[in-house]
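Architecture at a glance
Residue-level listing of the chains:
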Amino acid sequence: MKASSLKVGVDVPWVTSWTGEPSLGVGPCPSVGGAPAILQAGNPGQGKPLYSQNHAVRQRLSVRDMLCPMCGRPTSAQDRWTQVAHPVAAGRLRADGRGNRLPTDLTDDAILVDAGAIAPLHRACVDRSLRYCPHLKADPHIDVRRFPERWIVLPLMARAEAAPQLFLARPTPARTAAVIGFLQLCGLTGERDPAWRGADR
Ligand SMILES: [Zn+2]
């Protein structure tokens, strides 16, 4: 595998996967406190960038430690911006089955800013990515706004095949277990949606 001339964090976002970073299956990962998670080799800059794929471990670290997905450096509370987050009522996430892990004292009409799997960026990194990335430039949903000072992290579960139990003489049915894939980030705006009347009414 050849080292790329593209520079990680400059030409290619820090969080992007490379062809030189194969999946390593499932195992305990320090990025989520040792919980079972999707693992991936860490060789950024090896091979070719896979722009549409976040690296499993770097993605989780970016959300856990508020690292800018573009440059990989920490963002401060004064310089945290999101390009794609959209406001959503907590009750909507719960109705869609994505809100099981929201704090129970968060009322259904509380407005969250759902950033999906994308941690906030530095303002300079937002501007640079909008200037150079043709995909972002053409996206009508781009809406640059400040990321709230408080947030919650929700694990996005993935299904993973359990390791085969080689010591058994006869085959057992394939078993699957839920493990952590990416982390989802929701900012807490402290605002309420006065129009919230329930998810399906
Ligand atoms: Zn940055």
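Residues numbered from 1 in each chain as written. Predicted model: local features only at pLDDT ≥ 70, side-chain atom pairs only at ≥ 80, totals over all residues. Heavy atoms only, no water.

Within an unreviewed UniProt entry, the label attached to the protein reads HNH endonuclease, and the organism entered is Brevundimonas denitrificans.

When helices and strands are tallied, the protein shows four helices and 10 strands. In the protein, the succession of helices and strands from N to C terminus is β-β-β-β-α-β-β-α-β-α-α-β-β-β. Burial analysis of the protein (201 residues in total) assigns 40% to the buried set. By element, 55% of the accessible surface of the protein is carried by carbon and sulfur atoms, the whole surface being about 11700 Å². (Helix = DSSP H or I, 4+ residues; strand = E, 2+ residues; numbered from the N terminus. Buried < 20%, exposed > 50% of the residue type's maximum accessible area, 1.4 Å probe, protein only. Areas by Shrake-Rupley, 256 points an atom, 1.4 Å probe, with all protein chains shown as cover.)

Here we take up the layout of surface pockets. Estimates place the volume of the largest pocket at around 660 Å³. Lining the largest pocket are 25 residues, and of these Pro13, Tyr51, Ser129, Cys133 and Leu136 sit closest to its centre. Residue assignment for the lining of the largest pocket shows that the elements contributing at least two residues are strand 4 (49-54), helix 3 (123-132) and helix 4 (134-137). For the lining of the largest pocket, the class distribution of residues is 15 nonpolar, seven polar and three charged. (1 Å grid on protein atoms, 1.4 Å probe; cavity = no way out; pocket = protein on both sides within 12 Å on 5 of 7 lines; lining within 4 Å. Points joined across faces, edges and corners; volume = space filled by probe spheres on them. Nonpolar A, V, L, I, M, F, W, Y, C, P; charged D, E, K, R; others polar.)

For Thr75, the location among the structural elements is in the loop between helix 1 (56-64) and strand 5 (81-82). Excluding residues within four positions of it along the chain, Thr75 makes contact with Met66, Cys68, Arg80, Pro120, Leu121 and His122. (Contact = heavy atoms within 4.5 Å.)

Our next topic: the coordination of the zinc ion. Coordination of the zinc ion by the protein is provided by Cys68 (SG), Cys71 (SG), His122 (ND1) and Cys125 (SG), with metal-donor distances spanning 2.1 to 2.4 Å. Metal-centred angles of 98 to 120 degrees between the four donor atoms at the zinc ion mark the site as tetrahedral. Mapped onto the sequence, the donors of the zinc ion take the spacing C-x2-C-x50-H-x2-C. Residue Cys68 is located in the loop between helix 1 and strand 5, and its partner His122 is located in the loop between strand 7 (110-114) and helix 3; the two are separated by 54 residues in the primary sequence. Taken as a pair, Cys68 and His122 share a single burial class, namely buried. (Donors = N, O, S within 2.8 Å, 3.2 Å for Na, K, Ca; no water. Tetrahedral: all angles 85-135°; square planar, octahedral: opposite > 155°, others 65-115°.)

This paragraph deals with the side chain of Asp114. Position of Asp114 relative to the elements: it lies in strand 7. Judged by relative accessible area, which is 5%, Asp114 ranks as buried. Contact partners of Asp114, with chain neighbours within four places excluded, come to Val84, Ala85, His86, Val88, Leu93, Arg98, Gln184, Leu185 and Cys186.

Counting buried positions along helix 1 yields seven of nine residues, so the element is predominantly enclosed. Taken together, the buried positions of helix 1 are Ala56, Val57, Arg58, Gln59, Arg60, Ser62 and Val63. Where helix 1 terminates, the next one or two residues include Met66, which has phi positive at roughly 50 degrees.

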